[in-house]
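One-letter residues, chain by chain:
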Amino acid sequence: MSAVVRPAVFTSSASTGSSQAGALSAPGLPLLPPDRRRLGGEFDVVESGRRVVRYQMVEFHVMRLLAGWLAKIPEYELKLEIGRHVWQDAQHAESLRLRTSELRIPADADRRAPVEVQRFLDALDEAETPLQFLVGVYRVAKPRLISAMQYHMAVTDPICDAPTIRTLRPVMAEETEQVRWGEAAVEALIAGDPSRSEHTARWQQRLETVLSEAGGIVAQGTPPPPEPPSTPEVAMESLATLPRSQSPRSERLLIAARDARFYIDMTPRILPEDDDPPELLELEAVLAARRQSSGQTAQAERRPAEADRGLPPPVPLAQRDARFAMVHPAEQATRMPSPGDDWAEKGRRLMHGMMDNEMHAAELSGRNSYEFPRMPWEFHLDMARVVWDEIRHSEETCKHLEDLGGHVGMYPIVPGNFGYRIQLDLLHRLQDLHRRGELGGLNGLLKSRNTFREMGDEVGAKMFDFIQADETRHVAFGNRWVKWLLHDDPERLRLVGEEVDRMRIVHDKKVAALVMQALGDTGEAKPAAGSKQDDPTPVNVISLKIAGFSDEEIAELVQKGGGNAALE
Ligand SMILES: [Fe+2]
Ligand SMILES: [Fe+2]
C-alpha cells in the first residue's frame, strides 16, 4: 500500500521541533483511513451556484405544489405525510438558499427556472387526479432532483465546494426517504389495478418527455420573461371603509371572492345578512359529489391564481376519504345529540372534531402558499411550518381519539373552517385563522390541558400543552404577515380585525339558526364553533408576548378577556 502524504495540519501541533518540510512529508496517522480527496472538480463558483439555485427553486416549487394539493388529496394518511414533506422541502429550499449566498449569488438575483424547466414544473400541477400528481412528484421530479444533486456531489471539488456537499447530503437523504414513501403511496393507490397502472405509466412517460425536452432539471434553457408588476390596481369594495390605502402588497389581497355561493359557511361576503341560505341544496350536491380517493378526478388549476383578479382556484372543499361522512351543520347536529355528562364521549368528540379541524388549518395554510407565490420567501417558510404543525395536531388528536376508544370517521364532519376561509382573500384568511381563531384558542388550549389533567388524562394534557406552544407561534406568524400586508398601519389593522369579527358573527348566527331548525329548536343545539363562551381561564400574557403583541395590545386583550391575566 502506498503511503499517503498527509496535509501539514496533522503534524503542525507536534512539539518535536521538526521543520515544516519534514512535517509535510511525514506519513499520515496509520490508524486513520487515507484521505483520497483531490483538488479539482467540474464546477467553478458560477456553475455550482447556478445549480444550487436550481435545486432551491425546484424544492420551493414542489413544496408549494404539495401544499396546494394537500386539500385536494382525500386520503387522511397521505395528507399527514405530505404535510411533513411540505415542511421538509421548505427547509431544504432554505438551506440551499443560504448556500447560494456563499456562492456570490446576490439575495435579489432572479432565481426563476428557464422557460423549458418551468414548463415541466407546471406540467406536474396539470395532473388530472391526485394519483397523477403524486406520480409526477415522487416518480419524476424528486428522483430527478436527487440524481442532479448526486451528480453534483460526485463531480464538484470535494474540498473547495465542501459546504455545498454538506448542504446537499441531508437534503438528499430526506428526499430519498420521501421518494421511497411516495412510491409506496403510488402503489397503494394503484392497488394492483392494471388500467390505473397503465394510465399512471402513460402520465409518467409524458412528464419524462417534457423534462428531457427541457434538457433536465438543471438545464440552462431560455431565460423567463420579466415578471409582471406585483400590485396592479385592485377593486377594494370590501374595505371601502378603510382610510385611503397604500398599494396592496398582493394582487388578490383585498379582493373578496365571488364565486363560492354554494355553502352556508361561504355566505358572509356574498349574501346580505338577512338573506335566506338558498345554497343548502347546492351544498348537498357538492357534498355528494365529493372525491373520496386519489384515483378520482380533481379539478385542474391551469392558471395562476393571482392573475385571476380575485376568483379563487377551484378548491371549494377540502377532500376527505370514504371513512369521513361530510355533511352540512344541521345534519351533523341531528346525528350528534348532546353527550350529556359522558366524559369519554365528550373527549372522543373533541378529538374527532380537532382531528378534522386541525387538518383544515393545514390545508388552508398550504393553499395560502400555493395561491400567493409572490409573497416573500419567509411567508412561505412560515406557512410550511403551519402546515407541518397542523398535520401533527391532527395526527396527535387522531391518536388520542384511538386512546379513548374511538376511530377515524366515527362522527360526521362538516366542511367547516376550510369551507369558510377558502373563499376569503389572503388578508382575511390570515386574520381569521391566526389573529382571531388561534389567538382566541390560546387560552382554551390551556384550559383543555388543565381539564384533561384534572380528569386524570395526563397524555391528553401534555398534548394540549404542546399544541398551545405551536399555536402561539402561529399567532406570531399571523401578526407578522397581516401587519406586513397592511404596511404596519395600526388603524387598518383594527378595522380589518373588526370586519373579520363581524363576518364571523354573521356566519355563526346563520349556522346556529340552521342547527336550531334541524333540532326543532329544542335548545339542544351546541353553540356554533367559534362563538364566545364564558372563559374563566386567565389570559396568558407570556404567550401573547411570544406571539408578538405589544404591551398596549396585551392590555387591551386582557381587558377583553375579562381583566384576568396570568404568567405561565
Ligand atoms: Fe393547530
Ligand atoms: Fe395553528
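Rules used throughout
Residues numbered from 1 in each chain as written. Chains lettered and ligands numbered in written order. Predicted model: local features only at pLDDT ≥ 70, side-chain atom pairs only at ≥ 80, totals over all residues. Heavy atoms only, no water. Helix = DSSP H or I, 4+ residues; strand = E, 2+ residues; numbered from the N terminus. Contact = heavy atoms within 4.5 Å. Areas by Shrake-Rupley, 256 points an atom, 1.4 Å probe, with all protein chains shown as cover. Donors = N, O, S within 2.8 Å, 3.2 Å for Na, K, Ca; no water. Tetrahedral: all angles 85-135°; square planar, octahedral: opposite > 155°, others 65-115°. Buried < 20%, exposed > 50% of the residue type's maximum accessible area, 1.4 Å probe, protein only. pLDDT = per-residue confidence, 0-100. Phe/Tyr/Trp six-rings, centres within 6.5 Å; stacked < 30°, edge-to-face > 60°. Lys NZ or Arg CZ within 6 Å of the ring centre and 35° of its normal. Axes fitted to C-alpha atoms, helices over the stretch in contact; angles between N-to-C directions. Left-handed = near helix turned anticlockwise from the far one by under 90°. Nonpolar A, V, L, I, M, F, W, Y, C, P; charged D, E, K, R; others polar. Salt bridge = Lys/Arg side-chain N within 4 Å of Asp/Glu carboxyl O. Core = buried A, V, L, I, M, F, W, Y, C linked by side-chain atoms within 4.5 Å. Domains from an automatic or database assignment.

Focus: the overall build of the chain
Step number 1: A count of helical and extended segments in the chain gives 17 helices and 2 strands.
Step number 2: Within the chain, contacts between residues separated by at least 24 positions form 80% of all contacts whose residues are at least 6 apart in sequence.
Step number 3: Summed over all atoms, the accessible surface of the chain reaches about 25900 Å², with 55% contributed by carbon and sulfur.

Some words on the coordination of the iron ion (ligand 1)
Step number 1: For the iron ion (ligand 1), every protein donor is listed as Glu-358 (OE), Glu-390 (OE), His-393 (ND1) and Glu-471 (OE), and the spread of their distances is 1.9 to 2.3 Å.
Step number 2: One can describe the donor arrangement at the iron ion (ligand 1) as irregular, given that its 4 donor atoms subtend angles of 84 to 144 degrees at the metal.
Step number 3: Summarised as a motif, the one-chain spacing of the donors to the iron ion (ligand 1) is E-x31-E-x2-H-x77-E.

What about the coordination of the iron ion (ligand 2)?
Step number 1: For the iron ion (ligand 2), the full set of protein donor atoms is Glu-390 (OE), Glu-438 (OE), Glu-471 (OE) and His-474 (ND1), and the range of their distances to it is 1.8 to 2.1 Å.
Step number 2: Around the iron ion (ligand 2), the 4 donor atoms sit at angles spanning 94 to 138 degrees, and that spread fits a shape best called irregular.
Step number 3: On the primary sequence, the residues serving as donors to the iron ion (ligand 2) are separated as E-x47-E-x32-E-x2-H.
Step number 4: If you look at the iron ion (ligand 2) and the iron ion (ligand 1), they sit 3.6 Å from each other and are both ligated by Glu-390. Residue Glu-390 is located in helix H11 (residues 377-403), and its partner Glu-471 is located in helix H14 (residues 458-485); the two are separated by 81 residues in the primary sequence.
Step number 5: Residue classification places Glu-390 among the buried positions, given a relative accessible area of 1%.

Observations concerning the confidence of the model for the chain
Step number 1: Scored by pLDDT, the chain has a mean of 83; 79% of the residues are at 70 or more.
Step number 2: Across residues 1-23 the pLDDT falls below 50, and counting only partners more than four positions away or on other chains, this stretch makes 19 contacts in the model.
Step number 3: This model gives residues 524-533 a pLDDT under 50, and the stretch forms 13 contacts once residues within four places in sequence are excluded.

Section: the environment of Phe-372
Step number 1: Within the element layout of this structure, Phe-372 appears in the loop between helix H10 (343-371) and H11.
Step number 2: Taking the relative accessible area as the measure of exposure, Phe-372 reaches 0% and is therefore buried.
Step number 3: Taking the C-alpha atoms as reference points, Phe-372 and Leu-426, 54 residues apart in sequence, are found 8.1 Å from one another.

Digging into the packing of aromatic side chains
Step number 1: For the structure on display, the rule yields 10 aromatic pairs.
Step number 2: Ring centres of Trp-69 and Phe-133 lie 4.4 Å apart, and the angle between their planes is 5 degrees; on these two criteria the pair is classed as stacked. On the criterion of sequence distance, the pair formed by Trp-69 in helix H2 (residues 45-69) and Phe-133 in helix H5 (residues 130-155) is long-range, its members being 64 residues apart.
Step number 3: Residue class for Phe-133 comes out buried when judged on its relative accessible area of 1%.
Step number 4: In this structure an aromatic cluster arises from ring pairing among Trp-343, Phe-452 and Phe-464.
Step number 5: Residue placement shows Lys-72 over the ring face of Trp-69; its charged tip is 4.0 Å from the ring centre.

Structural notes on the packing of H11 against helix H13 (residues 426-454)
When two helices pack together, their arrangement is given by the angle between the helix axes and by the axis-to-axis distance.
Step number 1: Where H11 contacts H13, the two axes come as close as 14 Å, and the packing angle between them is 35 degrees. Of the two possible hands of crossing, H11 and H13 adopt the one that is left-handed. Seen from H11, the contacting residues are Phe-379, Met-383, Val-386, Glu-390 and His-400; seen from H13, they are Leu-426, Leu-430, His-434, Glu-438 and Phe-452.
Step number 2: Residues that form the contact of H11 with H13 fall into these classes: 6 nonpolar, 2 polar and 2 charged.

Topic: the pattern of salt bridges
Step number 1: Following the criterion strictly, the structure yields 41 salt bridges and no others.
Step number 2: With a shortest N-O distance of 2.9 Å, Arg-139 and Glu-183 are connected by a salt bridge. One end of the pair, Arg-139, is in helix H5; the other, Glu-183, is in helix H6 (residues 162-190), and 44 residues separate them in sequence.
Step number 3: On the basis of relative accessible area, Arg-139 is assigned to the buried category, the value being 18%.
Step number 4: What you see here is one network of salt bridges that share partners, running through Arg-385, Asp-389, Arg-392, Glu-396 and Asp-470.

Digging into the nonpolar core
Step number 1: Ranked by internal contacts, the top residues of the largest apolar core, which has 86 residues, are Tyr-55, Leu-66, Ile-82, Phe-120, Leu-124, Phe-133 and Leu-134.
Step number 2: Inspection of this core shows a minimum of three residues originating in each of domain 2 (45-214) and domain 3 (238-566).
Step number 3: Filtering out sequence-adjacent residues up to four positions away, Phe-133 remains in contact with Leu-65, Leu-66, Trp-69, Ile-73, Leu-124 and Ala-127.
Step number 4: Listed in part, the 14 residues of the second largest apolar core include Leu-427, Leu-430, Trp-481 and Val-482.

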